[in-house]
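Chains, contacts and geometry: an overview
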Amino acid sequence: MHTTDRPTLVFDVNETLLDLTTLEPVFARAFGDAAMMRVWFSELILYSQTLTFAGHYRPFGELGMAVFTMLATVKGIAVHKDDTAALGHALTHMPPHGDVEAGLTRLRAAGFRLVTLTNSPLGAESALFRAGLDRFFDGNFSVAEVAAFKPAPAVYEHLATSLNLAPAQLCMIACHIWDTIGAQACGYRGAFLHRTGNAPLPIADIPQPDIIARDMTDLTDQLIAHWG
């Protein structure tokens, strides 16, 4: 069992590491409004959690396509096969945010153990691997292993078991506060990384992140100051 006080850092992938805004041109073309990307992503998270609560599971990309079609139906827009093909391609070719590689390089140099935990499938065709970020991590994990989406407790519990670590020896890093809340409810530490369109949820008696960082550089500075 890992015993050092320095936690293993567990990174969310979509939007935390990879730039979700690169999907906007797909929505600008299909809906005439790039801002629909945010509506789509919010609905995708809503329905991923709905499936989990209802005891169902479909891969994140498949669900994303279904939500895309659902929103088009609501808007009275006919989905063209070129639009769905463009979304599928964009989902697996998101680049990293500009501050990611430098931050991960510094954290590895400081001796941190890094892993990922994503709602998306893994493999050579995944956005994480296409972006070349897999090389920074000691392990990459997907919710597909438990057929439930974050923030289901089973996801975080499975990762801790897989790493042979107590939850308190893990720190979930995400730009989605629902992810850090879910992880912290299972005993993890939490670090919130600001990305456009995301913010902490200031409610009493709800787990608040141990670290709140304005960008990856700030996050890295704080992690090294705490545990470097």
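To be clear, the structure that these remarks concern was listed above.
Everything in this summary refers to the structure shown in the same document. (Residues numbered from 1 in each chain as written. Predicted model: local features only at pLDDT ≥ 70, side-chain atom pairs only at ≥ 80, totals over all residues. Heavy atoms only, no water.)

1. Focus on the side chain of Gln184
As a reminder of what qualifies: Secondary structure elements are defined from DSSP: runs of H or I of at least 4 residues count as helices, runs of E of at least 2 residues count as strands, and each element is numbered from the N terminus. Throughout, a residue-residue contact means that at least one pair of heavy atoms, one from each residue, lies within 4.5 Å.
Here Gln184 lies in helix α8 (residues 177-185). Setting aside its immediate chain neighbours within four residues, Gln184 contacts Arg189, Gly190, Pro207, Gln208, Pro209 and Asp210.

2. Examining the environment of His176
Put simply, the rule reads: Each residue is assigned to one of three classes by its accessible area relative to the maximum for its type, calculated with a 1.4 Å probe on protein chains only: buried under 20%, partly exposed between the two thresholds, exposed over 50%.
Inspection of the secondary structure puts His176 in the loop between β4 (170-174) and α8. On the basis of relative accessible area, His176 is assigned to the buried category, the value being 4%. Counting along the chain gives 18 residues from His176 to His194, while the straight-line C-alpha distance between them is 8.5 Å. In this view, His176 contacts Asp12, Asn14, Glu15, Thr16, Phe41, Phe192 and Asn198; residues no more than four positions away in its chain are not counted.

3. Quick look at the pattern of salt bridges
Our working definition: Just to be clear on terms, a salt bridge is a Lys or Arg side-chain nitrogen sitting within 4 Å of an Asp or Glu carboxyl oxygen.
Within the structure shown, the criterion is met by 12 salt bridges. Among the ionic pairs, Asp99 bridges to Arg195, the shortest N-O distance being 3.1 Å. Of this pair, Asp99 sits in the loop between α4 (81-91) and α5 (100-109) while Arg195 sits in the loop between β5 (189-193) and β6 (211-213), and the two are 96 residues apart along the sequence. Here Asp99 and Arg195 have matching classes, each one buried. The salt bridge partner of Asp179 is Lys150, with a shortest N-O separation of 2.8 Å. Separated by 29 residues along the polypeptide, Asp179 in helix α8 and Lys150 in the loop between β3 (139-142) and α7 (153-163) bring together distant segments of the chain. Each member of the pair, Asp179 as well as Lys150, is classed as buried. What you see here is one network of salt bridges that share partners, running through Asp12, Lys150 and Asp179.

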